[in-house]
Amino acid sequence: MTIDRNMKVLVVDDYKTMTRIIRNLLKQIEFNETDEASDGHEALAKLRAGNFGLVISDWNMQPMTGLDLLKEVRADARLKHLPFIMVTAESKTENVVAAKQAGVSNYIVKPFNAETLRDKIEKVLVHA
Amino acid sequence: MPDQAPPVAIRGDLDTTVQSLMSELDALSRIIADARQEVAALRADDSDVADIPGATDELAAIVSHTAQATHEILDSCEALETVAARVGDVDADVLQHAITRIYEACSFQDITGQRIAKVVAALQAVERRIARARQGIPDRIPAIAAAATLLNGPQLPGNGISQSAIDALFD
């Protein structure tokens, strides 16, 4: 199955350096249509307004965390099937289990490398 | 029903217990009095107390400076990427690989930033508690149940699970 690399990807992180790094890494693997948000509320507004094909989100953000964003996405009739990858420093088993129960598509622990990011994106989009 | 005095043997046991309790209470009372004196002796200009707000400011400055430096590194990487697009295939690959490694390494800023934010929060909590103790106001601020909020990261080495263990949960 081929992956549509023209799809819009939303990168959500409250650290501007991190959104910039992820967007640059996405560009390297030919995902050029990217946008960013600095917390869950901003992300949700952008997702509802735009036509995104993938979300890559941090967990630890205020006031709306990545987990809350994921739950909102899964509760939204139009967005509920949107592929959602959590990229976070939260590496406790209970975090991964909570994210999986909330419907996360895949989970990447920071710090990560470009290969891991590409691998998870391809895995998620092939199964989308 | 009229009160009945306990038998002599039991009364003796009770006296011993009461004496022991009184002794414990007396020791506790001395500990509380000492603690009150210690708290009362705290002054905002004591170097160890006065340094706490300064320490949090210093840590916030570290986060800010590392963020600024990281952005400058990323500016340079983006400039190099435009050069990589113009050079030959082999050199472009070498350049691109090096740039990718720099991007990966720059994620340190996010991790260190989160770790420092946790330390700042802990220092601010200590600062608040000291201030309340000095005012004689009971500390009614509930401790943040980090585990309950699932906001515990970044984990120290060995405290979290590996990417491969996470992958196994998705297979």
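On a predicted model such as this, the values are computed, not experimentally measured, just so you know.

**Here we look at the overall build of chain B**
Part 1 of the argument: For chain B, the count of helices and strands is six helices and zero strands.
Part 2 of the argument: Counting from the amino terminus, helix and strand elements in chain B follow one another as α-α-α-α-α-α.
Part 3 of the argument: Here chain B holds 171 residues, and 20% of them are scored as buried.
Part 4 of the argument: Counted over contacts in chain B with a minimum sequence separation of 6, partners at least 24 positions apart contribute 67%.
Part 5 of the argument: Of the roughly 11900 Å² that chain B leaves accessible, carbon and sulfur atoms contribute 61%.

**Digging into the UniProt feature "modified residue: 4-aspartylphosphate" (unreviewed entry) in chain A**
Residue and element names in this part refer to chain A.
Part 1 of the argument: In the numbering used here, UniProt assigns the feature "modified residue: 4-aspartylphosphate" (unreviewed entry) to Asp 58.
Part 2 of the argument: Counting through the fold element by element, Asp 58 comes out in the loop between strand E3 (52-57) and helix H3 (66-75).
Part 3 of the argument: Each residue touching Asp 58, except ones within four places of it in the same chain, is listed here: Val 12, Asp 13, Asp 14, Gly 66, Met 86, Val 87, Thr 88 and Lys 110.

**So, the pattern of salt bridges**
Part 1 of the argument: Under the defined criterion, the tally for this structure stands at 18 salt bridges over all chains.
Part 2 of the argument: A salt bridge links Lys110(A) to Asp110(B), with the shortest nitrogen-to-oxygen separation between them at 3.0 Å. Here Asp110(B) lies in helix H4 (residues 108-135) and Lys110(A) lies in the loop between strand E5 (106-109) and helix H5 (114-127), a pairing that spans two chains. When sorted by exposure, Lys110(A) lands in the same class as Asp110(B), which is buried.
Part 3 of the argument: Because the salt bridges share partners, they merge into one network encompassing Asp13(A), Asp58(A), Lys110(A) and Asp110(B).

**What about the interface of chain A and chain B?**
Part 1 of the argument: On the chain B side, the residues contacting the 40 residues of chain A number 34 residues.
Part 2 of the argument: Here chain A and chain B share five salt bridges between them.
Part 3 of the argument: Counting across the interface, chain A meets chain B through 18 residue pairs in polar contact (both at pLDDT 80 or more).
Part 4 of the argument: Elements with a minimum of two residues in the side of chain A that touches chain B: helix H1 (16-28), helix H4 (93-101), E5 and H5 of chain A.
Part 5 of the argument: Considered class by class, the residues forming the side of chain A that touches chain B number 16 nonpolar, 13 polar and 11 charged.

Procedures and definitions
Residues numbered from 1 in each chain as written. Chains lettered and ligands numbered in written order. Predicted model: local features only at pLDDT ≥ 70, side-chain atom pairs only at ≥ 80, totals over all residues. Heavy atoms only, no water. Helix = DSSP H or I, 4+ residues; strand = E, 2+ residues; numbered from the N terminus. Buried < 20%, exposed > 50% of the residue type's maximum accessible area, 1.4 Å probe, protein only. Contact = heavy atoms within 4.5 Å. Areas by Shrake-Rupley, 256 points an atom, 1.4 Å probe, with all protein chains shown as cover. UniProt positions renumbered as here; feature names shortened; annotations may be inferred. Salt bridge = Lys/Arg side-chain N within 4 Å of Asp/Glu carboxyl O. Polar contact = N/O pair within 3.5 Å; in protein donor to acceptor, adjacent residues only side chain to side chain. Nonpolar A, V, L, I, M, F, W, Y, C, P; charged D, E, K, R; others polar.

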